[in-house]
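The primary structure of each chain is shown beneath.
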Amino acid sequence: MKTFALTTAATLLASTAAIAQVETRTVTFENEGATLSGTLYLPEERSDEPLPVVVVTGAWTSVQEQMPANYAREMAERGFAAFTFDFRGWGKSGDLPNNVRFVESPEAKTSDIKAAIQFVSTLPEVDANHINGLGICASAGYMVDAVSGNPLVERVGLVAPWLQNENIVEAVYGGKEGVAGLIEVSHAAEAAGGQIIPAAGPEGAEGVLMPIGGYYYEADRGAIPEYDDKWNNAGWEGWLTYHPADNPQRLDKPLAIVHSESAAIPQGVQTFLAGFAGDATAQWLEDVTQFDFYDNPEDVTRAADTVADHFRAGLEN
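Numbers given for residues are sequential positions, taken from 1 along each chain in its written order. Residue-level local features of this predicted model are given only where pLDDT is at least 70; pairs of side-chain atoms are given and counted only at 80 or more, and the full residue set underlies all totals for whole chains, interfaces and linings. No hydrogens and no water enter the side-chain calculation; it runs on all heavy atoms of the structure.

Engineer: Requested: an account of the environment of aspartate 305, with residues and values cited.
Structural biologist: Helix numbering and strand numbering both begin at the N terminus, where a helix is a DSSP run of H or I of at least 4 residues and a strand a DSSP run of E of at least 2. The topology assignment puts aspartate 305 in helix H9 (residues 297-315). In sequence terms aspartate 305 and glutamate 74 are 231 residues apart; their C-alpha atoms lie 8.5 Å from each other.

Engineer: Would you mind going over the pattern of salt bridges in detail, with residue names and values included?
Structural biologist: Here, a salt bridge means any Lys or Arg side-chain nitrogen found within 4 Å of an Asp or Glu carboxyl oxygen. Following the criterion strictly, the structure yields 19 salt bridges and no others. Measuring nitrogen to oxygen at the nearest pair gives 2.7 Å for the salt bridge that ties arginine 101 to aspartate 95. A salt bridge links aspartate 145 to arginine 250; its shortest N-O distance comes to 2.5 Å. Taken as a pair, aspartate 145 in helix H3 (residues 139-147) and arginine 250 in the loop between helix H6 (236-240) and strand E10 (255-260) lie far apart in primary sequence, 105 residues in all. For arginine 250, a relative accessible area of 18% corresponds to the buried category. Shared partners join several salt bridges into a network, and the residues in it are Glu23, Arg25, Arg46 and Glu125. Classification of residues uses two cut-offs on accessible area relative to the type maximum, computed with a 1.4 Å probe and protein chains only: under 20% is buried, over 50% is exposed, and between them is partly exposed.

Engineer: Residue-level account of unusual backbone geometry, with values.
Structural biologist: One non-glycine residue, threonine 61, lies in the positive phi region at around 65°. Although it is not a glycine, alanine 160 adopts a positive phi angle of roughly 50°. Turning to its location among the elements, alanine 160 is positioned in the loop between strand E7 (153-159) and helix H4 (166-172).

Purely geometric numbers; function is a separate question.
Structure, rendered in structure tokens:
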């Protein structure tokens, strides 16, 4: 059984800044011996009553200042508290065990989300009876794992979720041979104590995780100074053998999904929804790419409206 070391509420006073109508506070919390860095977002105009909260997590290799910050601000502008953080091994947070960094570990990231949920439940600004999770892209599966069976969490929303299974993994990563080859790379990197490569690069670049340009490579989008832009090849096995699309029955919370046929692996969402027996809302937007969901103002606003309405429905109970 995991134990979570929690910072006191006084930690919230460490850093305060106003962004538009949103106030942000830098906080820290603990999980499995590491200190994680997070940010609490609050509506600038609010009463003294505690607020429903949304814990927001982002795509693989991302840090909290990227798409998680965009959606956290959207939630705060709609009257919620919101919380983002850097996973262990990324951004300003501490390392994974054995001083490892930049490993995309579904198990570790799920554990970090659970710790974040436990942490926000102790904050005086938060109504612990109304905690929600919002997972974007790769962290959608981690969020589902973290909230399933979790009595602290009321509802969950997923935006542009990357929900893969074995068939999707093989289609994306070069078939059975391609997947097997990457798992060999993972074993070799782990044996060597890690092998770090750039996460993002221009289209066609060699030796890069994502040689596609776009969001992570453009300085006015995701290539911000806070972005690590690194990937540890030791993480391939954990990522490739993670199949969240195949286990929707584990989720016991009302669900809202926003996706597009033009975004990444919509078939994973369809598989997940086909096996989910609970209360689900699915909004399919036309001609919205995966990266558009991260930072295109119109698409972020539409997605935020849908999940905010979903979370508000929980306040009526």
